[in-house]
Amino acid sequence: MVAANLLRRVRYCMSVNADNPELLRAQLTALSRLVPLLYSILVANAWVLASTFFGKAPNWLGVYVALALSIFCAVRLTQWWRKRGLVPTVTKEQAVYELRRTNKLAGILGVAFSIWAIALFPYGDAYAQAHVALFLTMAMLGSMLCLIHLRSAAMIVAITVSVPFVVFFALSGVPTFLGTAINVMLVTVAAVIVILIQYRDFTRMVEAQKRTEMLSNENLRLANLDSLTDLPNRRAFFAHLDKAFERAQLQGSRLALGIIDLDGFKPVNDLYGHATGDKLLIEVAARLSSICSSETFFMSRLGGDEFAYVIMDAPNDAALVAQGHEIAAMLRAPFMLSEATVQISGSIGIAVHPEMAASSQQLFERADYALYHGKDAKRGSAMLFSAEHEAQINSDARIEQALKRADFEQELSVVFQPIVDIRSHDTVGFEALARWTSPVLGKVSPGMFIPIAERAGIISVLTQSLLKKALATASEWPANLRLSFNLSAVDLNSAEGVLGIVSIIEGSGFDTRRLDLEITETAFTHDFAQIHRSVETLRLLGCGISLDDFGTGYSSLSRLHALPLTKIKIDRSFVTDLHKSQNSRKIVKSLLALSRDMGLDCVIEGVETQEEMAALQRLGGLLVQGYFYSPPIPADNVAAYLNDTGVVAISA
Ligand code: C2E
Ligand code: CA
Ligand code: CA
């Protein structure tokens, strides 16, 4: 029983452990470094021994057998040398095969060298015979040392060399050799113990390395995954994009990039809380994942309510847009969450390499551009980056350059458009509108340069210059006239921005109760807490706050209530052809009712014709602004305008 167990253990120690690929590979790596050394030592030592027996032993034994053994060793050495770079790529089966062969050859060579050396023994004198003993001991220990990472081979060498050695020398009848045999036996036992310990440490080290590697692989996986939705995250997206872009360039294939921005996510988040917002994002991600059926489609979450995808070997433009529309339609279907059923939509911007972008960064920027321009034009649908967008980008860049070089005091001016009470036709105030005449570009409309100044981060300088001019002009007006001034959401997005505005207003001496500051619904897409503080500050100063372009944005009613507004301005788009469009009439009617319920004044913008005017009167509109009464007029013409309309004259 004990013997059987021992035998099993010995057999185990002398075989290759075939089910640990990492260990197999580590063993091969170590061996590929040490086995060439082993063969070199063996061959060199064999020839030193052969030289001792030269002329004493017959040549066939002393030279030719040594030569044959050397050639064999040289062939194996070359084979190992050639394979040393390939170790990381070998399969488990190849590694097992290679290691088993090493075991086999260790046995064959152990026996061969032992027989050869013992065969030489009778031909030598006592010194030469002692050399045989030394050679065998050294060759065995050297080989075991070089095979330390393959326990089985080292053990096989120990057995195939030490057993014939010990038996032969013990039976030689020479007491010195008997002593030598005992010495060798003891050293072999010690060497075997060292090998067993070293090998155990080696396997443990490989195991530990494997665990560390697995851990870092897991960390890498987690670092590339969005923890909420389990989609690849922003980092993974850009890494994938770069790789896919390189591949597309090499192969000359088409690569498409789509950015998805959810419409209506923020209100859900505000109304139902972050937990519900998170659930919604998880559901959205699940729907988006369902379309990533092919290997060429890579979907990820960039962050917030923004997702993006990359398509390798992209189909034609029409198919890409159709697919974008499909995604948008998929996102429009209601989401049944436990708190509520909510409906949102998604806008998508798409750009394609090579037609529209020469770098992965440009591809992303252009998809982003298409997204935001698509959002302006038609929310909840897909927009492909186009030649017009390209022209727009170039023109925007020219405007930005000119703006950055502009002398605002000189080039900027303010015009004023009257706001009229339609019951009395009295002008109750003016809205200040910016005008820019650039020496390079000529007249540029505010609709163009204001958004560019916002993006370029120079809007607050413009705002301050315009505000000073508007207040200076309005200070000359009769005290019953109000001034409306447009603020950019960016102005309100920082405490410093608001302080700049407050100090200009206070410095002007203009009665703050006559000042209305207009903000648009884009303010809701900024840091709402900061916007809220800013608006509050301006309200405390005594200014009125108007919500401009009302009805065009997507602000929730709860948010309207959250700001201390005094006025809303119904957007021009609802007024155009009001008399013809039943829908527009319904909208204007409900917006008027809403403003009344909220106790807010309501200005209707963009009234151009008598028909629109009449329709508005029927709906109960009170304050109107538009070409019907007057286009915006230069500051110098305000006095004449007031005289002509018989309101109040400005005292000169
Ligand atoms: P807004 O604040 O909605 O201003 C009304 C725009 O409608 C003005 O265009 C005005 O000229 C135009 N408008 C007025 N009545 C009619 C009408 O009957 N028919 C038509 N078709 N248009 C009419 P404008 O001056 O080109 O300004 C465009 C936008 O630029 C403004 O829209 C405002 O958002 C922005 N803006 C203008 N001045 C400033 C400013 O000083 N600061 C900021 N932040 N934005 C400004
Ligand atoms: Ca306005
Ligand atoms: Ca407006």
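The rules behind each value
- Residues numbered from 1 in each chain as written.
- Chains lettered and ligands numbered in written order.
- Predicted model: local features only at pLDDT ≥ 70, side-chain atom pairs only at ≥ 80, totals over all residues.
- Heavy atoms only, no water.
- Helix = DSSP H or I, 4+ residues; strand = E, 2+ residues; numbered from the N terminus.
- Rg over C-alpha atoms; globule rule 2.2 N^0.38 Å.
- Buried < 20%, exposed > 50% of the residue type's maximum accessible area, 1.4 Å probe, protein only.
- Contact = heavy atoms within 4.5 Å.
- Areas by Shrake-Rupley, 256 points an atom, 1.4 Å probe, with all protein chains shown as cover.
- Lys, Arg positive; Asp, Glu negative; His and termini not counted.
- Charge placed at Lys NZ, Arg CZ, Asp CG, Glu CD.
- Axes fitted to C-alpha atoms, helices over the stretch in contact; angles between N-to-C directions.
- Parallel < 35°, antiparallel > 145°, perpendicular 65-115°, else oblique.
- Left-handed = near helix turned anticlockwise from the far one by under 90°.
- Nonpolar A, V, L, I, M, F, W, Y, C, P; charged D, E, K, R; others polar.
- Polar contact = N/O pair within 3.5 Å; in protein donor to acceptor, adjacent residues only side chain to side chain.
- Donors = N, O, S within 2.8 Å, 3.2 Å for Na, K, Ca; no water.
- Domains from an automatic or database assignment.
- Near = heavy atom within 4 Å.
- Pairing = 2+ DSSP bridges.
- Right-handed = clockwise from strand over helix to strand, strands pointing away.
- Phe/Tyr/Trp six-rings, centres within 6.5 Å; stacked < 30°, edge-to-face > 60°.
- Lys NZ or Arg CZ within 6 Å of the ring centre and 35° of its normal.

### Describing the overall build of the protein
Line of reasoning, step 1. Summing up its helical and strand segments, the protein has 23 helices and 17 strands in all.
Line of reasoning, step 2. Radius of gyration (C-alpha) of the protein: 44 Å, far over the 26 Å computed for a compact globule of 652 residues.
Line of reasoning, step 3. Referenced to the eigenvectors of the C-alpha coordinate spread, the extents of the protein come out at roughly 145 × 55 × 50 Å.
Line of reasoning, step 4. Within the protein, the fraction of its 652 residues that count as buried is 47%.
Line of reasoning, step 5. Looking at the protein alone, contacts between residues at least 24 apart form 72% of all its contacts between residues at least 6 apart.
Line of reasoning, step 6. Here the protein displays about 31800 Å² of accessible surface, and carbon together with sulfur accounts for 59% of that area.
Line of reasoning, step 7. Between the centroid of the 58 positive side chains of the protein and the centroid of its 62 negative side chains there is a distance of 13 Å.

### Observations concerning the packing of helix 18 (residues 495-508) against helix 19 (residues 528-540)
Line of reasoning, step 1. Between helix 18 and helix 19, the shortest axis-to-axis distance is 10 Å and the interhelical angle comes to 15°. Looking at the two axes, helix 18 sits roughly parallel to helix 19. The interaxial crossing formed by helix 18 with helix 19 has right-handed handedness. Contacts between helix 18 and helix 19 pair Ala495, Val498, Ile501, Val502 and Ile505 from the former with Gln530, Ser534, Thr537 and Leu538 from the latter.
Line of reasoning, step 2. Classifying every residue of the contact of helix 18 with helix 19 by side-chain character gives 6 nonpolar, 3 polar and no charged.

### Concerning the side chain of Gln129
Line of reasoning, step 1. With respect to the helices and strands, Gln129 occurs in helix 5 (residues 126-146).
Line of reasoning, step 2. Here Gln129 falls in the buried class, since its relative accessible area comes to 15%.
Line of reasoning, step 3. In this structure the side chain of Gln129 is engaged in a polar contact, spanning 3.1 Å, whose partner is the backbone oxygen of Phe121.
Line of reasoning, step 4. Excluding residues within four positions of it along the chain, Gln129 makes contact with Phe121, Pro122, Gly124, Phe169 and Phe177.

### Side note on the coordination of the calcium ion (ligand 3)
Line of reasoning, step 1. All of the protein donors around the calcium ion (ligand 3) are Asp548 (OD), Asp549 (OD), Glu605 (OE) and Glu605 (OE); their distances to the metal are 2.1 to 2.5 Å.
Line of reasoning, step 2. When the donors of the calcium ion (ligand 3) are listed by position in the chain, the intervening gaps give D-D-x55-E.
Line of reasoning, step 3. Distance-wise, the calcium ion (ligand 2) is placed 4.0 Å from the calcium ion (ligand 3), both being coordinated by Asp548. In this pair, Asp548 sits in strand 13 (residues 544-550) while Glu605 sits in strand 15 (residues 601-605), placing the two residues 57 residues apart along the sequence.
Line of reasoning, step 4. The exposure class assigned to Asp548 is buried, which follows from its relative accessible area of 6%.
Line of reasoning, step 5. Accessibility expressed as a relative area gives 11% for Glu605, which makes it buried.

### Some remarks on the environment of Val65
Line of reasoning, step 1. Along the polypeptide, Val65 turns up in helix 3 (residues 59-83).
Line of reasoning, step 2. Sequence separation between Val65 and Ala112 is 47 residues; the distance between their C-alpha atoms is 9.7 Å.
Line of reasoning, step 3. Apart from the residues within four sequence positions on either side, Val65 is in contact with Trp60 and Trp116.

### Some thoughts on the coordination of the calcium ion (ligand 2)
Line of reasoning, step 1. Each protein donor to the calcium ion (ligand 2) is listed here as Glu431 (OE), Asn486 (OD1), Glu518 (OE) and Asp548 (OD); together their distances run 2.1 to 2.3 Å.
Line of reasoning, step 2. Each donor residue of the calcium ion (ligand 2) lies on one chain, and together they are spaced E-x54-N-x31-E-x29-D.
Line of reasoning, step 3. In this structure Glu518 comes out as buried when scored by relative accessible area, which is 1%.

### Points about the domain arrangement of the protein
Line of reasoning, step 1. Parsing the protein into structural domains produces domain 1 (2-216), domain 2 (234-385) and domain 3 (406-644).
Line of reasoning, step 2. Using only C-alpha atoms to locate each centre, domain 1 and domain 3 end up separated by 93 Å.

### A short note on the site of ligand 1
Line of reasoning, step 1. The local shell around ligand 1 holds 22 residues, among which Gln417, Ala434, Arg435, Glu608 and Tyr627 are the closest.
Line of reasoning, step 2. Take Asn486: an N or O atom from its side chain is 3.1 Å from an oxygen atom of ligand 1.
Line of reasoning, step 3. Here an oxygen atom of ligand 1 and a backbone polar atom of Tyr627 are 2.8 Å apart.
Line of reasoning, step 4. The element that contributes the greatest number of residues to the shell around ligand 1 is strand 9 (residues 426-438), accounting for 4 residues.

### Remarks on the pairing of strand 13
Line of reasoning, step 1. In terms of burial, strand 13 is largely enclosed, as 6 of its 7 residues are buried.
Line of reasoning, step 2. Pairing geometry for strand 12 (residues 515-520) and strand 13, over 5 bridges, is parallel. Bridge pairing in strand 13 links Asp516 to Gly544.
Line of reasoning, step 3. With helix 19 bridging strand 12 and the parallel strand 13, this β-α-β connection has right-handed handedness.
Line of reasoning, step 4. In the sheet, strand 13 pairs with strand 14 (residues 567-570) via 3 bridges, with the strands oriented parallel. Note that in strand 14 the partner of Phe550 across the bridge is Ile570.

### Let's talk about the environment of Asn637
Line of reasoning, step 1. For Asn637, the position within the fold is in the loop between strand 17 (633-634) and helix 23 (638-644).
Line of reasoning, step 2. Between the alpha carbons of Asn637 and Val415 there is a distance of 9.3 Å; along the sequence they are 222 residues apart.

### Topic: the packing of aromatic side chains
Line of reasoning, step 1. Inspection of the entire model under this criterion finds 19 aromatic pairs.
Line of reasoning, step 2. Pairing Phe430 with Trp477 gives two aromatic rings, centres 4.9 Å apart and planes at 50°, and the pair type is tilted. Of this pair, Phe430 sits in strand 9 while Trp477 is found in the loop between helix 16 (459-474) and strand 11 (482-486), placing the two residues 47 residues apart along the sequence.
Line of reasoning, step 3. Of the residues examined, Phe430 reaches a relative accessible area of 0% and is grouped as buried.
Line of reasoning, step 4. On the accessibility criterion, Trp477 (6% relative accessible area) is buried.
Line of reasoning, step 5. With a centroid separation of 5.1 Å and 80° between ring planes, the pair formed by Phe628 and Tyr629 is classed as edge-to-face.
Line of reasoning, step 6. Tyr629 gets classed as partly exposed once you look at its relative accessible area, which sits at 21%.
Line of reasoning, step 7. What links up through ring pairs into an aromatic cluster is the set Phe121, Phe165, Phe168, Phe169 and Phe177.
Line of reasoning, step 8. Positioned above the aromatic ring of Phe335, the side-chain terminus of Arg287 is 3.6 Å from the ring centre.

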